[in-house]
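Chain by chain, the residues run as shown.
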Amino acid sequence: MANPVDVYVGARVKLRRQLIGMSQEKLGEALALTFQQVQKYERGANRVSASKLHRIAEVLDVPVSYFFDGYEGGPAAHDGLGEPPAAAFEHEQLSRKESIDLLKAYYEIDDPKLRRKVIDLIRTLAETARTSATA
């Protein structure tokens, strides 16, 4: 069974790779790996070494800490239960094509004030949908 940290780091690698529109093949080429090895890293089936993670961070243009942002795993976080942290669900949602498309379009907006308005609009729409669903 894969280690939860490896799965989390792999999901973050996949998310970042998709956000910048890079294929597994291109990432593999930049790392001198096969795309199959990249797939194994992204699934958490294979553990990424520290030096390889550093190189992945360089290629994907993020700090190494990016791969651990939001991770709240570990035995204490589960109160003794074998359930994964809530962040795993969030990564599942963020890995969907529509989520990636939304994020790409959002970051194409250069004006920070306009981006804030987009967030406000989406929150308003979500609140309206919640209210309609309970009515």
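Residues numbered from 1 in each chain as written. Predicted model: local features only at pLDDT ≥ 70, side-chain atom pairs only at ≥ 80, totals over all residues. Heavy atoms only, no water.

Engineer: What exactly am I supposed to notice about the pattern of salt bridges here?
Structural biologist: Oppositely charged side chains can form a pair if their charged atoms are brought close together. With the rule as written, the count across this model stands at six salt bridges. For the salt bridge of Asp69 with Arg12, the shortest nitrogen-to-oxygen distance reads 4.0 Å. Of this pair, Asp69 sits in the loop between α4 (50-60) and α5 (86-94) while Arg12 sits in helix α1 (residues 4-19), placing them 57 residues apart in sequence. Judged by relative accessible area, which is 10%, Arg12 ranks as buried. With its nearest N and O atoms 3.9 Å apart, the salt bridge here joins Glu29 to Lys26. (Salt bridge = Lys/Arg side-chain N within 4 Å of Asp/Glu carboxyl O. Helix = DSSP H or I, 4+ residues; strand = E, 2+ residues; numbered from the N terminus. Buried < 20%, exposed > 50% of the residue type's maximum accessible area, 1.4 Å probe, protein only.)

Engineer: Honestly, the layout of surface pockets in this entry has me stumped. Any pointers?
Structural biologist: Where empty space is left becomes clear once a probe the size of a water molecule has been rolled over the atoms. If you add up the space inside the second largest pocket, you get close to 210 Å³. Every residue lining the second largest pocket is listed: Leu102, Leu103, Ala105, Tyr106, Val118, Ile119, Ile122, Arg123 and Ala126. For the lining of the second largest pocket, the elements supplying multiple residues, two or more each, are α6 (97-107) and α7 (112-134). Here the lining of the second largest pocket gets five residues from one element, more than from any other, and that element is α7. Of the residues belonging to the lining of the second largest pocket, the class tally is eight nonpolar, no polar and one charged. (1 Å grid on protein atoms, 1.4 Å probe; cavity = no way out; pocket = protein on both sides within 12 Å on 5 of 7 lines; lining within 4 Å. Points joined across faces, edges and corners; volume = space filled by probe spheres on them. Nonpolar A, V, L, I, M, F, W, Y, C, P; charged D, E, K, R; others polar.)

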